[in-house]
Number of protein chains: 2
Amino acid sequence: MKQSLGPKILAQPAPVWVIGSYGLDGRPNVMTAAWCGVCCSKPPCLAVSIQPQRLSFAGIMEHKAFTVNIGSADQAAMVDYFGMVSGNKEDKFHKTGMTPVKGEMVNAPYIEEFPLIVECAVIAVHELGIHTQCVGEIRDVKADPSVLDTKGMPDMLKVHPFVFTPGSRAYHAIGDYLGQGFSLGKELCKADTEPPKTTSKAAPARS
Amino acid sequence: MKQSLGPKILAQPAPVWVIGSYGLDGRPNVMTAAWCGVCCSKPPCLAVSIQPQRLSFAGIMEHKAFTVNIGSADQAAMVDYFGMVSGNKEDKFHKTGMTPVKGEMVNAPYIEEFPLIVECAVIAVHELGIHTQCVGEIRDVKADPSVLDTKGMPDMLKVHPFVFTPGSRAYHAIGDYLGQGFSLGKELCKADTEPPKTTSKAAPARS
C-alpha cells in the first residue's frame, strides 16, 4: 500500500548541471540547475529550466546560447556553490579559480576544468510557471580524453557525475554498473512463461 | 585540452522512468523513457519526451495523464524490457506479473510494485522534432513507506533508482552520499581567499 505525499516535486534522480553563459555585459557566468534533461533525439536537444530573475537568464536569451558543464563528484562542493550565489554578487570563475573558455560553436563560455561539456543553441523557450524552460540544440560535445571509453564515448564511471534528490536535497555519486540498456531486458523479451497470478487493482480507464 | 565529439546526445546522467498510461481502448500500458526531467517548481511539473508513433503517446494525449514509475536497481531488467517491446505486441503488465493500479488523481495506471510513483496531468505539449515533450503537472506522489527517510521524504538510497548513460547506453546504480545541496558549497561562499592565478582562455563574448 502506497503512502500519498501530495503534489510535490519528489521525482528522482535529478542531474546536476552547471549552465554557462555570457551576461549582457559579456562577462562569463555559471549557475547550477537540476530541473534539466535530454528532450529530443533529432535534432539533439536538452532542456534546462531557469527562473527568469536569475542573472543567467537574460544573457542566455540575448546570446541564444548556453553550455552544460557536467562536473565530477569531487567537484560537488564547487557545483553546489555555483547554485548558491548570484553572479551579480560574485565572479564565480574568479572565486573558484576555474577557467572560462569561449564555446567553439555557440556564444557561451564553458569551464575548462570540468570533464564533460555540451554546447547548446537556444531553439525554443517555454514559460511554464516560476521556471522558464530553455530548449538547447546540441551543437557540440567536448570531453577530457581521460573520461572516454574504448569506443570514444564518455564513460559514466570516469566522468563520475552526481545527482540531486528533490525533497531531501541529498547529493549522491554514481554507483555500480548494472548492465547495458536494450540488452538487460532481453531475457524477459524471450520469456513466454505465465507470470504469477495477481489480482489486478486496476479499475477500467474513464474513457 | 578537450576533445570534440560532435553534436551528439552525450549529456549524463539521464533518469530511467517508466511512463504509465491507459490506451485508447482503456488498457494499461507502460514504456520506459530517459529523455525526462523536472521542469518547474510552481506549478510542480516534470517533462517526458515521447515519439508520437509510440503506443503510449495516443493514450496520454487522449486522457491528458500519465504516471512516472521510478524503479529500483533490482528492477532494471524489467525496466529495460518495458522500453524494448511495444504494448501493441505484448501486455507488459501480464508478462512481468506487475499490478496496474488506477491513479487516484489522474486517469493513468501506476505499477504497484515500484517504490516511487508520480501522478501527472498533461498541461503542455511541445513538438521538438522526432520527440514530443509532454509537460505533466504533478498531482500526487506515492511511495512505499519503506523508502521514506525520517522526515517522510523519499530516500535516494532506499528507492535506489538507476540512471542511463546516453552514448554508451550503460545503466548505473546510485552510489555514495556526498552531502547536502545548498550546504556543501557553504565553505566556498565564505572563502575570500584569492584563487590561484590562471591564464583565461576566454575571448570576449560576441555581443
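Residues numbered from 1 in each chain as written. Chains lettered and ligands numbered in written order. Predicted model: local features only at pLDDT ≥ 70, side-chain atom pairs only at ≥ 80, totals over all residues. Heavy atoms only, no water.

Structural notes on the overall build of chain A
Looking only at helices and strands, chain A has 5 helices and 13 strands in total. Each of the three principal axes of chain A carries a C-alpha extent, and together these read 65 × 45 × 35 Å. Counting across all 207 residues of chain A, residues that qualify as buried make up 62%. Restricting the contact set of chain A to residue pairs at least 6 apart, pairs at least 24 apart contribute 58%. (Helix = DSSP H or I, 4+ residues; strand = E, 2+ residues; numbered from the N terminus. Buried < 20%, exposed > 50% of the residue type's maximum accessible area, 1.4 Å probe, protein only. Contact = heavy atoms within 4.5 Å.)

A few points about helix α1 (residues 55-63) of chain B
All buried positions along α1(B) are accounted for by S56(B), F57(B), G59(B), I60(B), M61(B) and H63(B). The elements touched by buried residues of α1(B) are β3 (17-22), β4 (28-33), β6 (45-50), β7 (65-70), β10 (116-127) and β11 (132-143) of chain B.

Overview of the relation of the copies chain A and chain B
The transformation that overlays chain A on chain B combines an axial shift of 0.0 Å with a rotation of 180°, and the residual RMSD is 0.0 Å. Overall, the copies show the geometry of a two-fold rotation axis. Measuring from the rotation axis to each C-alpha of chain A, the shortest distance belongs to G175(A), at 1.9 Å. A shared interface surface links the copies, since 100% of the contact residues of chain A are contact residues in chain B too. (Least-squares fit on C-alpha atoms with pLDDT ≥ 70 in both.)

Observations regarding the sheet that holds strand β12 (residues 162-164) of chain A
Paired through their backbone hydrogen bonds, the strands of a sheet run either parallel or antiparallel. Read from one edge of the open sheet, 6 strands run β2(A)-β12(A)-β13(A)-β13(B)-β12(B)-β2(B), paired in antiparallel fashion. Across the chains shown, the open sheet's two edge strands, defined by having one partner strand only, are β2 (14-15) of chain A together with β2 (14-15) of chain B. When strand β13 (residues 170-180) of chain A meets strand β13 (residues 170-180) of chain B, the two strands line up antiparallel, connected through 7 bridges. Its bridge partner being in β13(B), Y171(A) is matched across the sheet by G179(B). (Pairing = 2+ DSSP bridges.)

Re the side chain of Q133(A)
In this fold, Q133(A) is placed in strand β11 (residues 132-143). In this view, Q133(A) contacts A47(A), V48(A), S49(A), A124(A), V125(A), H126(A), L128(A), C39(B), A47(B), H126(B) and Q133(B); residues no more than four positions away in its chain are not counted.

Digging into the pairing of strand β6 (residues 45-50) of chain A
Residue and element names in this part refer to chain A. Within β6, 6 of the 6 residues are buried, leaving the element largely enclosed by the surrounding structure. Residue alternation in β6 divides its side chains into two sets, C45, A47 and S49 and L46, V48 and I50, and both sets are buried. By the bridge criterion, 4 bridges tie strand β5 (residues 36-40) to β6 in an arrangement that is antiparallel. Within β6, the position partnered with V38 by the bridge is L46. Taken together, β5 and the strand that follows it, β6, pair antiparallel across an intervening segment of 4 residues. Bridge analysis of β6 against β11 gives 6 bridges, and the strand direction is antiparallel. Residue V48 lies in a different strand from β11, and its bridge partner there is C134.

Digging into the side chain of S72(B)
Note on placement: S72(B) falls in the loop between β7 and α2 (76-82). Beyond its immediate stretch of four places on either side in the chain, S72(B) contacts P115(B), V159(B), H160(B), P161(B) and F162(B).

Some points on the interface of chain A and chain B
The interface of chain A with chain B comprises 127 residues on the first partner and 128 residues on the second. Buried area between chain A and chain B, summed over both chains or domains, comes out near 10600 Å², and the portion from carbon and sulfur atoms is 63%. The largest contributions to the chain A side of the interface with chain B come from K2(A), Q12(A) and F182(A), which together make up 8% of the buried area. D144(A) serves as the salt-bridge partner of K2(B), at 2.8 Å between the closest nitrogen and oxygen. Here chain A and chain B share 58 residue pairs in polar contact (both at pLDDT 80 or more) between them. Counting residues per element, the side of chain A that touches chain B draws most heavily on β13(A), at 11 residues. (Buried area = accessible area lost by both parts, 1.4 Å probe. Salt bridge = Lys/Arg side-chain N within 4 Å of Asp/Glu carboxyl O. Polar contact = N/O pair within 3.5 Å; in protein donor to acceptor, adjacent residues only side chain to side chain.)

A few points about the nonpolar core
Ranked by size, the top nonpolar core spans 53 residues in total, and within it F82(A), F114(A), I19(B), L46(B), V48(B), F66(B) and V68(B) carry the most contacts. Broken down by element, the residue count for this core peaks at 5 residues, all from helix α2 (residues 76-82) of chain A. Formed by 52 residues, the second largest nonpolar core is a distinct cluster that contains V147(A), V30(B), I111(B) and F114(B). (Core = buried A, V, L, I, M, F, W, Y, C linked by side-chain atoms within 4.5 Å.)

What about the packing of aromatic side chains?
What the rule picks out here adds up to 6 aromatic pairs over all chains. Between the aromatic rings of Y81(A) and F82(A), the centroid separation amounts to 5.8 Å while the plane-to-plane angle is 50°, which identifies the pairing as tilted. For the pair formed by Y81(A) and F82(A), the shared burial category is buried. Ring geometry for F164(B) versus Y171(B): centroids 5.7 Å apart, planes at 55°, classification tilted. A single burial state applies to F164(B) and to Y171(B), both of which are buried. In this structure an aromatic cluster arises from ring pairing among F162(A), F164(A) and Y171(A). (Phe/Tyr/Trp six-rings, centres within 6.5 Å; stacked < 30°, edge-to-face > 60°.)

Some thoughts on the pattern of salt bridges
Under the definition given, this model contains 16 salt bridges over all chains. Note that E90(B) is salt-bridged to K95(B), the shortest N-O span being 3.3 Å. Judged by relative accessible area, which is 16%, K95(B) ranks as buried. Salt bridges linked by common partners bring E104(A), E119(A), D140(A) and K142(A) together as one network.

Description of unusual backbone geometry
Residues and elements named next belong to chain A. The omega torsion across Q12 and P13 is -10°, close enough to zero to call that bond cis. Tracing the chain through its elements places P13 in the loop between β1 (3-6) and β2. Unusually for a residue other than glycine, R169 sits at a positive phi of about 65°.

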